[in-house]
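The primary structure of each chain is shown beneath.
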Amino acid sequence: PEYRLGTSNHPKIAKLSQMLASLYSKQDKLDKAEGFVRKALRIMLGYGARQEEVAKVRYELGILLREQGKLREALEEHNHALRIRCSLPSLDPHEVAESHIGVGNVFLTLQKPDETFAHFEEAYNMIPTDSPYSAKIRLCIVNAAQQLDTDNSLSLALCERVVGDFDRENGTLAVDGETRALAKLVLASIYIKRNVRFQDAGRMLDSGLQIVREIYPRRHAREGDFLACIGDLYFRQGKHGDALAAFRKAEKVFRQTIGVCASNTINAMFQAGRALLAQGKFSMAATKFEEAVAIRRGIVTDGGDAHATHLLGRDLFSLAVCRQEAGDLSGAVACLRECRGLSGIPERLSFDCAEMLAELGVE
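Residues numbered from 1 in each chain as written. Predicted model: local features only at pLDDT ≥ 70, side-chain atom pairs only at ≥ 80, totals over all residues. Heavy atoms only, no water.

## As for the pattern of salt bridges
- Evaluation of the coordinates by the stated rule reveals 28 salt bridges.
- For Arg58, the salt bridge is made with Glu77, and the minimal N-O distance between the two is 2.8 Å. On the criterion of sequence distance, the pair formed by Arg58 in helix H3 (residues 51-67) and Glu77 in helix H4 (residues 71-87) is long-range, its members being 19 residues apart. For the residue pair Arg58 and Glu77, the accessibility class agrees, reading buried in each case.
- A salt bridge links Asp225 to Arg222; its shortest N-O distance comes to 3.0 Å. One end of the pair is Asp225 and the other is Arg222, both in helix H11 (residues 221-236) and 3 residues apart, which spans about a single turn. (Salt bridge = Lys/Arg side-chain N within 4 Å of Asp/Glu carboxyl O. Helix = DSSP H or I, 4+ residues; strand = E, 2+ residues; numbered from the N terminus. Buried < 20%, exposed > 50% of the residue type's maximum accessible area, 1.4 Å probe, protein only.)

## Quick word on the confidence of the model for the chain
- This prediction gives the chain a mean pLDDT of 90; 96% of its residues lie at or above 70.
- The secondary structure element of the chain with the lowest average pLDDT is helix H7 (residues 132-148), at 86, and the one with the highest is helix H12 (residues 240-257), at 97.
- Low pLDDT, under 50, characterises residues 1-5; the predicted model gives this stretch 13 contacts beyond four residues in sequence or across chains. (pLDDT = per-residue confidence, 0-100. Contact = heavy atoms within 4.5 Å.)

## Observations concerning helix H1 (residues 11-26)
- Compared with the 22 Å implied by 1.5 Å per residue over 16 residues, the 23 Å span of H1 between its first and last C-alpha is a close match.
- For H1, every residue scored as buried is listed here: Ile13, Ala14, Ser17, Ala21 and Tyr24. One side of H1 holds all its buried residues, which, seen down the axis, span an arc of 100°. Opposite its buried face, H1 presents the exposed residues Lys12, Lys15, Met19 and Lys26, each directed more than 90 degrees away.
- In the core, the buried residues of H1 are packed alongside helix H2 (30-47).
- Positive backbone phi, at 65°, marks Asp28, one or two positions downstream of H1. (Expected span 1.5 Å × (residues − 1). Arc of directions from axis to C-beta.)

## Brief notes about the packing of aromatic side chains
- Considering all chains together, one arrives at 3 aromatic pairs under this definition.
- With a centroid separation of 5.8 Å and an interplanar angle of 10°, the aromatic rings of Tyr24 and Phe36 are classed as stacked. With a gap of 12 residues between them, Tyr24 in helix H1 and Phe36 in helix H2 connect regions that are remote in the sequence. By the burial criterion, Tyr24 is buried, and Phe36 matches it.
- A ring pair is formed by Phe270 and Phe289, whose centres lie 5.6 Å apart and whose planes are at 50°; its orientation type is tilted. Placement of the pair is Phe270 in helix H13 (residues 263-278) and Phe289 in helix H14 (residues 282-301), with a sequence separation of 19 residues.
- The ring of Phe235 is capped by Arg274, whose NZ or CZ atom sits 4.2 Å from the centre of that ring. (Phe/Tyr/Trp six-rings, centres within 6.5 Å; stacked < 30°, edge-to-face > 60°. Lys NZ or Arg CZ within 6 Å of the ring centre and 35° of its normal.)

Below you can see the structure in the form of structure tokens.
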């Protein structure tokens, strides 16, 4: 029989196409991988492959499409795979959950929290907590909550459930400690941003930080994440001295692990500046803001994205406030003018700059 690619509907050709797709995917040649997955799918539909096999290929195609930013097509393929898997007489909950995660990840990329967490909840409900796949679903949930940074009520409920399941297991399940710690960090961050349950947030941060230090005996950036969040908790409680100490520790960890130009390091500098400003230490605060501004200015000059420009504008405005409080009006005006001159800063920030310039008697 004729087995050459493209000329036969033989199952062996479909299998070979899938193997080639996997090879190209590992080499990050996603367009070629997509082509061979589509070829395999056409062949399988041609000879009437089993529906569970078709669903698996559609799921894999959905992943490749999402990785290439072809989100409408990715959503279509993942939904198709999900419908097939739900309709099979011998329903496999792990495969159905896998498809829910696939659909949820597309919605995550589309920044649609309601749909994202609805599908993640479906997946979480299908899998027993003692299943190894449950850990993967938990990681998806906490990563999504961290990325979307939303007030979505379902994301909060799911994060509380994840942390609760971890606590109930009490170490009896061989769970990835990093995921356990991250879940606590994300849930604590949500509480802090909503100005609720500060005591619970503090306990989770202490517990999570202990886990991270047990996992990583040497310095690790995740320790800095916890310290920065602890600083935020103290700041919101008005404990500016404690906040400053935490932000300084976070900055030190970040400098040692991810470098001075990393976003988390610069954010720790900025937050330390805010804590100093809140204590009326204008000169010391200005020094921290100036350091953050200098690094961010370099990032933006080197082609930083819109988010980097926004953060530079925010830091410049804070430095202007600091200089104004210290009586350095010309320095404040210079910062405000530089901020307003940035391309693409948020409208609200531009308005605040103009308003402050007017207060200083500058057009």
